[in-house]
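# Structural overview
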Amino acid sequence: MMQRARDLDAADAIAHFRDRFDLPEGVIYLDGNSLGPLPKASRERLHRVIDAEWGEGLIRSWNELPGGGGDWIAMPQRVGARIAPLVGAQAHEVIACDSVSVNLAKLIGAALSLNPGRNVVLSEPGNFPTDLYMIQGQPQVEQRLAGRDEMIEALDESVALLLLTHVHYKTGEMFDMERLTKAAHDVGAIVLWDLSHSGGAVPVDLNGANADLAVGCGYKYLNGGPGAPAYAFVAERHHGDFSQPLTGWFGHAQPFAFSDEYEPAEGVKRLLAGTPPVLAMAALESGVELIAEIGMEALVAKSRALSEFFRECVAGLDLDLVSPREPAQRGSQLSFRHENAYALSQALIARGVIGDFRDPDILRLGFAPAYLRFADIAEAARHLAEVLETGEWERDEYSTRAAVT
Ligand SMILES: *Cc1c(COP(=O)(O)O)cnc(C)c1O
């Protein structure tokens, strides 16, 4: 397998991008779907923001940077415009701000504003928790949950919003965005897609699917750094009509008029609430630039090749794959069910193979294509085989849970 891996690496046209990341020695990182690694350019960029833009420029940097370049005030729009082509959106339809959770609250509100008279938000049981919690936190909303096979049936004329995560965080299973969006539109519902496990990893065509609203995560495949700002999409056709509940001053038409009355800004700018976190935005911008430079087509092709190669490498092992077998129907991850998944993930981490565990019994391995080598995949598979065959995971120390899994 190692020779095959080396051949695949030699033929990989985007292999050199690995050097653009700062990856620790001795680690095979299969968790870029949870926290992307550090791009070398981000370290430089943050130093520049701290020393020149903040240190020297002080408040002047909101409008103009020492030595030129993009100012601070337009960062949410500028970074949003950079993300847009990665998810099939137009530049002015995407804005980078807040967390996924906060943007969900804003866009659930936006959906209700676009669909007055309806109050049901439909989602699936087992969706990412924050998506469901944000539905439950809206006092006027009635939550309805339906399994994947019953989703279309559960759509009726009481549904204001269908809120789904495109690629499931645990299983990696992907929804057919176009089909479900159409089904929702057929009953007059708005659709909100959570792209947290999609953006930068799988093909997404929001406008091709006629999507209404979307959110996505900045710190997973976009490598924007821990707690990076998220992004939000509103289709152009809704720009005139939507409102959102977090009516902060940055979403005002003229924040620096300091008027007493809220008046929404045009388009997605009205999704802004408060002052953008400049350091975090700068790291996100740098991460997004790198992903855009590599290009989605090459990333998607390599993601599929990496995960298929891993499947080949572990074909002889007794593992229960819960992700779809067809690469085009899953995200950039493979999830395996094992009753001791937590201990297995810990034993792998002790060997330098960092994947993760998702409650109650899922070992989740992410295959971020921007920096992984086929040789890493072969090595990771070898470690997994050894851990399983030797029963190494049965050691006591591997069963103690940490706060973050
Ligand atoms: C990672 C993730 C989030 C993260 O939300 P935050 O508010 O940024 O913590 C939300 N939804 C899904 C589906 C995710 O995978």
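All values derive from a computational prediction rather than experimental measurement.

## Describing the pairing of strand S8 (residues 190-194)
- Counted residue by residue, S8 has five buried out of five residues, so it is predominantly covered.
- Here S8 shows no split at all, with Ile190, Leu192 and Asp194 on one side and Val191 and Trp193 on the other all buried.
- Where strand S7 (residues 159-165) meets S8, five bridges bridge the pair, whose relative direction is parallel. Bridging from a neighbouring strand, Leu162 pairs with Val191 of S8.
- You can see the chain leave S7, run along helix H7 (residues 177-186) and come back into S8, and the turn it takes is right-handed.
- Sheet analysis places S8 next to strand S9 (residues 213-216), joined by three bridges and oriented parallel.

## Re the site of the ligand
- Around the ligand lies a shell formed by Ser99, Val100, Ser101, Phe128, Thr130, Asp131, Thr165, Asp194, Ser196, His197, Tyr219 and Lys220.
- Here an oxygen atom of the ligand and a backbone polar atom of Val100 are 3.4 Å apart.
- In this structure, Tyr219 approaches the ligand through a side-chain N or O atom, which is 3.2 Å from an oxygen atom.
- Look at the ligand: alone it shows 390 Å² of surface, and the protein chains cover 87% of it.
- Of all the secondary-structure elements, those providing two or more residues to the shell around the ligand are helix H4 (100-114) and helix H5 (129-136).

## Examining the packing of H4 against H5
- One way to put it is that H4 packs onto H5 with a least axis distance of 9 Å and a crossing angle of 40 degrees. Relative to H5, H4 is oriented oblique. As H4 runs across H5, the sense of the crossing is right-handed. Side by side, H4 and H5 meet where Ser101, Val102, Leu104, Ala105 and Ile108 of the first sit next to Thr130, Asp131, Met134 and Ile135 of the second.
- Class assignment of the residues belonging to the contact of H4 with H5 gives a composition of six nonpolar, two polar and one charged.

## Some points on the sheet that holds strand S11 (residues 320-321)
- Spatially, the four strands line up as an open sheet ordered S11-S12-S15-S14, and their pairing is antiparallel. This sheet does not close on itself; its edge strands, each paired only once, are S11 and strand S14 (356-358).
- As defined by bridge partners, S14 adjoins strand S15 (residues 362-366) across three bridges and the pair is classed as antiparallel. Its bridge partner lying in S15, Arg358 is registered against Ile362.
- In the packing of helix H9 (residues 296-313) onto the sheet, the strands contacted are S11, strand S12 (333-337) and S15, and the crossing angle to S12 comes to about 30 degrees.

## Considering the domain arrangement of the protein chain
- Segmentation of the protein chain into domains returns domain 1 (2-30 + 295-399) and domain 2 (45-293).
- Counting from both sides, the interface comprises 27 residues of domain 1 and, opposite them, 20 residues of domain 2.
- The junction of domain 1 with domain 2 conceals about 1,800 Å² of combined surface from both sides, 59% of it contributed by carbon and sulfur atoms.
- Taken together, the connections running from domain 1 to domain 2 amount to one salt bridge.

## Let's talk about a nonpolar patch on the surface
- A surface patch of nonpolar side chains, amounting to about 520 Å² of accessible area, comprises Ile50, Trp54, Leu58, Ile59 and Leu279.
- Checked against the element boundaries, Leu279 lands in helix H8 (residues 278-294).

## Concerning helix H10 (residues 341-350)
- Among the 10 residues in H10, seven count as buried, and that is most of the element.
- On its buried side, H10 packs onto strand S13 (353-354), S14, S15 and helix H11 (374-390).
- Looking one or two places after H10, you find Gly352, whose phi comes out positive at around 90 degrees.

## Considerations on the pairing of S15
- Taken across its five residues, S15 has five buried, putting it largely inside the fold.
- Alternating positions in S15 separate into two faces, Ile362, Arg364 and Gly366 on one and Leu363 and Leu365 on the other, with burial throughout.
- In the sheet, S12 pairs with S15 via five bridges, with the strands oriented antiparallel. Bridge pairing links Phe336 to Leu363 in S15.
- Where S14 hands over to S15, the hairpin turn is made up of three residues, counted between the paired strands.

## Considerations on the sheet that holds strand S5 (residues 120-123)
- In space, the seven strands of this open sheet follow the order S4-S10-S9-S8-S7-S5-S6, with mixed pairing throughout. Both edges of this open sheet fall to strand S4 (94-97) and strand S6 (142-145), since each of them pairs with a single strand only. Adjacent strand axes in the sheet meet at a mean angle of 20 degrees when their direction is disregarded.
- This element, H4, spans S4, S5, S7, S8, S9 and strand S10 (230-234) of the sheet and lies at about 175 degrees to S9.

## Topic: the nonpolar core
- Core analysis: the biggest nonpolar cluster contains 99 residues, and Trp193, Leu206 and Phe310 have the highest contact counts within it.
- A domain-level breakdown of this core finds at least three residues from each of domain 1 (2-30 + 295-399) and domain 2 (45-293).
- With sequence-adjacent residues up to four places away left out, Leu206 is seen in contact with Val87, Gly88, Ala89, Met177, Leu195, Ala211, Ala214 and Phe233.
- If you look at the next biggest cluster of nonpolar residues, it comprises 30 residues, including Leu112, Val141, Cys217 and Leu271.

## A closer look at the side chain of Asp212
- Note that Asp212 resides in the loop between S8 and S9.
- Relative accessible area serves as the criterion here: at 2%, Asp212 is assigned to the buried category.
- There is a polar contact of 2.9 Å between the side chain of Asp212 and the side chain of Arg237.

Scoring rules and cut-offs
- Residues numbered from 1 in each chain as written.
- Predicted model: local features only at pLDDT ≥ 70, side-chain atom pairs only at ≥ 80, totals over all residues.
- Heavy atoms only, no water.
- Buried < 20%, exposed > 50% of the residue type's maximum accessible area, 1.4 Å probe, protein only.
- Helix = DSSP H or I, 4+ residues; strand = E, 2+ residues; numbered from the N terminus.
- Pairing = 2+ DSSP bridges.
- Right-handed = clockwise from strand over helix to strand, strands pointing away.
- Near = heavy atom within 4 Å.
- Polar contact = N/O pair within 3.5 Å; in protein donor to acceptor, adjacent residues only side chain to side chain.
- Areas by Shrake-Rupley, 256 points an atom, 1.4 Å probe, with all protein chains shown as cover.
- Axes fitted to C-alpha atoms, helices over the stretch in contact; angles between N-to-C directions.
- Parallel < 35°, antiparallel > 145°, perpendicular 65-115°, else oblique.
- Left-handed = near helix turned anticlockwise from the far one by under 90°.
- Contact = heavy atoms within 4.5 Å.
- Nonpolar A, V, L, I, M, F, W, Y, C, P; charged D, E, K, R; others polar.
- Domains from an automatic or database assignment.
- Buried area = accessible area lost by both parts, 1.4 Å probe.
- Salt bridge = Lys/Arg side-chain N within 4 Å of Asp/Glu carboxyl O.
- Patch = residues over 30% accessible without salt bridge, like charges linked within 9 Å, V, L, I, M, F, W, Y side chains within 5 Å.
- Core = buried A, V, L, I, M, F, W, Y, C linked by side-chain atoms within 4.5 Å.

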